[in-house]
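Here are the chains, one letter per residue:
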Amino acid sequence: MRVVGEENVSLDEPMSEHTTFEIGGPADLFVTPVTSDQLAEVAQIVRSAGAPLFVMGNGSNLLVADEGFRGVVVCTSGALDNANVDGRIMRCEAGVSLADASEMACELGLSGLEFACGIPGSVGGAVFMNAGAYGGQTADVVCEVRVLTADGDVRTLSGDELAFGYRTSRIRTDGLVCLSASFELVPGDSEEIRATMDDLQERRREKQPLEMPSAGSTFKRPEGHFAGKLIADAGLKGASIGGAQVSEKHAGFVVNAGGATAADVRALIHHVQDEVERQFGVRLEPEVRMLP
Ligand SMILES: Cc1cc2nc3c(=O)[nH]c(=O)nc-3n(C[C@H](O)[C@H](O)[C@H](O)COP(=O)(O)OP(=O)(O)OC[C@H]3O[C@@H](n4cnc5c(N)ncnc54)[C@H](O)[C@@H]3O)c2cc1C
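This part is about the pairing of strand E2 (residues 26-31). Pairing of strand E1 (residues 9-14) with E2 involves five bridges; the strand directions are antiparallel. Looking at E2, one finds that Leu11 is bridged to Leu29.

Attention now moves to unusual backbone geometry. In this structure, the amide linkage connecting Leu291 to the following residue, Pro292, adopts the cis form with an omega of -5°. The backbone phi angle of Tyr134 is positive, close to 45°, even though this residue is not glycine. Note on placement: Tyr134 falls in the loop between strand E9 (132-133) and strand E10 (136-137).

Given a rise of 1.5 Å per residue, 13 residues ought to cover 18 Å, and the 18 Å separating the end C-alpha atoms of helix H1 (residues 36-48) matches this to within 8%. Looking only at H1, the buried set comprises Ser36, Gln38, Leu39, Ala40, Val42, Ala43 and Val46. With its phi angle positive at about 80°, Gly50 sits one or two positions after the end of H1.

Strand order in the open sheet formed by four strands is E15-E18-E17-E16, with antiparallel pairing between adjacent strands. With one partner strand each, in any of the chains shown, strand E15 (214-217) and strand E16 (240-241) form the two edges of the open sheet. Strand direction decides the pairing type here: strand E17 (residues 244-246) and strand E18 (residues 253-256), joined by three bridges, are antiparallel. Bridge pairing in E18 places Ala244 opposite Asn256. Its contacts with the sheet put helix H8 (residues 262-280) on E16, E17 and E18, and the angle it makes with E17 is roughly 30°.

The topology assignment puts Gly132 in strand E9. A relative accessible area of 18% means that Gly132 is categorised as buried. Placed 16 residues apart in sequence, Gly132 and Ala116 show a C-alpha to C-alpha distance of 6.9 Å. Sequence-distant contacts of Gly132, defined by excluding residues within four places in its chain, comprise Phe115, Ile119, Gln137 and Arg167.

Spatially, E1-E2-E5-E3 is the arrangement adopted by the four strands of the open sheet, whose pairing is mixed. Whereas interior strands pair on both sides, the edge strands pair on one side only; in this sheet they are E1 and strand E3 (53-56). Between one strand and the next, the sheet's axes are offset by a mean angle of 30°, whatever the strand orientation.

Another aspect to go through is the site of the ligand. Around the ligand, the surrounding shell holds 35 residues, and the nearest of these are Val55, Gly57, Ser60, Ser122 and Gly132. For the ligand, an oxygen atom lies 2.6 Å from a polar atom in the side chain of Ser60. Within the backbone of Gly132, a nitrogen or oxygen atom sits 2.6 Å from a nitrogen atom of the ligand. Here the ligand has 970 Å² of accessible area as a free molecule, and 94% of this is covered by the chains. Counting only elements with at least two residues in the shell around the ligand, the list comes to E3, helix H3 (123-129), E9, strand E13 (177-184) and E15. Examining the composition of the shell around the ligand, we find that five residues originate from one element, H3, more than from any other. Here the shell around the ligand is composed, by residue class, of 18 nonpolar, 14 polar and three charged.

Next up on the list: the domain arrangement of the chain. If you check the domain split of the chain, you get domain 1 (6-75), domain 2 (83-193) and domain 3 (209-291). Across the contact, 14 residues belong to domain 1 and 17 residues belong to domain 2. Around 1000 Å² of area is buried between domain 1 and domain 2 when both sides are counted, 54% of it from carbon and sulfur atoms. If you look at where domain 1 meets domain 2, you find one salt bridge. Residue Arg146 pairs with Asp37 through a salt bridge whose shortest N-O separation is 3.1 Å. If you look at where domain 1 meets domain 2, you find seven residue pairs in polar contact (both at pLDDT 80 or more).

Now for the side chain of Asn130. With respect to the helices and strands, the residue Asn130 is situated in the loop between H3 and E9. Using a relative accessible area of 1% as the deciding quantity, one classes Asn130 as buried. At 2.9 Å, the side chain of Asn130 forms a polar contact with the backbone oxygen of Gly165. Discounting chain neighbours no more than four positions away, the residues touching Asn130 are Gln137, Thr138, Ala139, Phe164, Gly165, Arg167 and Thr168.

What counts, and at which threshold
- Residues numbered from 1 in each chain as written.
- Predicted model: local features only at pLDDT ≥ 70, side-chain atom pairs only at ≥ 80, totals over all residues.
- Heavy atoms only, no water.
- Pairing = 2+ DSSP bridges.
- Helix = DSSP H or I, 4+ residues; strand = E, 2+ residues; numbered from the N terminus.
- Expected span 1.5 Å × (residues − 1).
- Buried < 20%, exposed > 50% of the residue type's maximum accessible area, 1.4 Å probe, protein only.
- Contact = heavy atoms within 4.5 Å.
- Axes fitted to C-alpha atoms, helices over the stretch in contact; angles between N-to-C directions.
- Near = heavy atom within 4 Å.
- Polar contact = N/O pair within 3.5 Å; in protein donor to acceptor, adjacent residues only side chain to side chain.
- Areas by Shrake-Rupley, 256 points an atom, 1.4 Å probe, with all protein chains shown as cover.
- Nonpolar A, V, L, I, M, F, W, Y, C, P; charged D, E, K, R; others polar.
- Domains from an automatic or database assignment.
- Buried area = accessible area lost by both parts, 1.4 Å probe.
- Salt bridge = Lys/Arg side-chain N within 4 Å of Asp/Glu carboxyl O.

What follows is the structure, given as C-alpha cells:
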C-alpha cells in the first residue's frame, strides 16, 4: 500500500526552494505528507529503513548545505494544514502556518496567538523551537502535542511534558516528530486582537529586513545582552562574505543579499562569532538550524 501519492514525492529537490534563506542544495528524496498519520507513517518507514530523516516545516529557521542532504526530507508545510477549533482549543496539524493559525484565532475572537502572527514558521517548527516574539512564546499557549517518538510510538504529551526552554523543547532534545499541536486560547475581542497583530507587524516591518531572504535572528540572545547590539557595536553591520551579509537594518539578521551560498553564511557566522568574542568576550550561539 502506498503511504503518499506520487505527487507528494520528489527526487533531488532543491532545498533553496523550501527555505526562506533561498539557499540549499538538493535533498535525495523530498516528501510532503497530507495528513499527520501519513507524516508518522513516512517518518517511521524512513527510520526503519535506516535512512537519514529530516522533518521540516516552512524552512524559516534553516540553513541547508550547498551539497544538500543525503537522505529523506519530510516537509509539513504546504499540504499538512488542517486546523479546527472546539471552544477555546485550536488543534493544528504540524504544517499549519503560524500566520494562518493566528489569523483564524483572531477571526474567532480567541486571544493568545497574536505574538505569532509575523513568525513565518509552521506549528511543528514553532513547538520544536518554542518560537516566541514580543513577550509571547509557543510554550504559553500549547496544551497538548501529538508526537511520534524515536521508538515509533504515537503519543500525546501535555504542555508540561514538553520541557520548553529558550528556543527549545522536548521535540528537539528527544528527537520527536511533532504531528499536531493544540493551543488553549482565551476569549477576546476580535478588533483588539487585530489591532495588536497590526501593531506587532508594523514593529517588525520597521526593524527587520523582511524584504531580503533570511532565517530570522541568526543568533540566540546571549544572557544579559542582545545579539544584534553586540554585532552592531563590534562594527559588523553590513559586513559580508560572498552573498551573505549582516543586515544594515538589523545586525541580528544575516541576509542573503544575492546568490549567497550556505558556505558564505557559515563563514560569516563564524566571523561574527569570533569578532564579537574578541571584542566583548561573549561567544554567540547560532539560533539557525544547520542541515546537515
Ligand atoms: C523574517 C523572519 C522572522 C522571524 N521571526 C522570528 C521570531 O520573532 N521569533 C522566533 O522564535 N522565530 C522567528 N523566526 C524563525 C522561525 O520562523 C521560527 O524558528 C519558526 O518556529 C521555525 O518554523 P519552521 O516551520 O519554519 O521550521 P523549520 O525552519 O522548517 O525547522 C526548524 C527546526 O524545527 C524542526 N521541525 C520543524 N517541524 C517539525 C516537526 N513537525 N517535528 C519535528 N521537528 C520539526 C526542524 O527539524 C528544524 O530543526 C523568524 C524567521 C524569519 C525568516
